[in-house]
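Residue strings, one per chain:
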Amino acid sequence: MTAPVDEAGERASEGVAAPPGPMSPADLFFTFNRLALQGFGGVLAVAQRELVERKGWLSREEFVEMLALSQVLPGPNIVNLALMLGDRFFGVKGALSAVGGMLAVPLVIVLVLTAAYAEFSRLAIVSGALRGMGAVAAGLIIATAIKLMTTLGSNRLGPALAAAFAVLTFATIVWLRWPLIWVVAGLGTTAVAIAYARTP
């Protein structure tokens, strides 16, 4: 992990107003804890609203960049994002605080719900509720993707090429059923190479 960066100090010395950030590791812990507890069906949509729109700790472009990196690293993408964001502001202490907030209380809830599901999974009302939550989760992911599409204008690939890679990724995973590791290795490496070639 990198050392914590005093972005506020650097910007102040340049005469630029510092963007808002977490006030302490405890602020990171409770923010990610609240974020995780809202994330039924997936935390990504809640994370974008909380970190970008409500807290302003990241711009949409920064959120997309962090999310892209967190998705190609091993482990859950939102946990990777929490780790990187915590490290960015408070180093190791911030990384542990963010991940702890993300996992502590939800872990207890998941264990309780798992035990309950094993007991009541045969009930029609339970299976119906789970199907409903799946539809809501899909809607949240689609809504978040639409919000983040505005960042494509500043992407080095450009909107058209970025959209083409998105369609190719969807096609290879959904229709061709290629293993994710080969999709990331093939299309991901190609996209990175093109973006690098277009970097001034």
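Further up the page is the structure itself.
Numbering of residues starts from 1 in every chain and runs along the sequence as written. Side-chain atom pairs in this predicted model are given and counted only at pLDDT of 80 or more, local residue features only at pLDDT of at least 70, and totals for whole chains, interfaces and linings cover all residues. Remark: hydrogens and water are excluded; side-chain values derive from all non-hydrogen atoms of the structure.

Caption draft 1: Region of interest: the overall build of the chain. In terms of regular secondary structure, the chain is built from eight helices and zero strands. Only runs of H or I of at least four residues qualify as helices and only runs of E of at least two qualify as strands under DSSP, and these elements are numbered from the N terminus. When the helices and strands of the chain are read in sequence order from the N terminus, they spell out α-α-α-α-α-α-α-α. Only protein chains enter the area calculation, which uses a 1.4 Å probe; residues under 20% of their type maximum are buried, those over 50% are exposed, and those in between are partly exposed. Within the chain, buried positions represent 29% of all 200 residues. The contact criterion used throughout is that any non-hydrogen atoms of two residues lie within 4.5 Å. The contacts in the chain between residues at least 6 apart in sequence include a share of 56% that link residues at least 24 apart. Total accessible area on the chain stands at roughly 12,400 Å², and carbon and sulfur atoms take up 71% of it. Each accessible area is a Shrake-Rupley result for a 1.4 Å probe, and residues are judged covered by the shown protein chains and nothing else.

Caption draft 2: How the structure looks around helix 2 (residues 25-38). Taking 1.5 Å per residue, 14 residues should reach 20 Å; helix 2 reaches 20 Å between its end C-alpha atoms and fits that length. The set of residues buried in helix 2 consists of Pro25, Asp27, Leu28, Thr31, Phe32, Asn33, Leu35 and Ala36. Here the buried face of helix 2 lies against helix 3 (44-54) and helix 5 (77-120). The span one expects for a helix is its residue count, reduced by one, times 1.5 Å.

Caption draft 3: Summary view of helix 8 (residues 180-197). End to end, helix 8 covers 25 Å across 18 residues, agreeing with the expected 26 Å (1.5 Å per residue, within 8%). Buried residues of helix 8: Val183, Leu187 and Ala191, and no others. Among the structural elements, helix 7 (159-175) are those in contact with the buried residues of helix 8.

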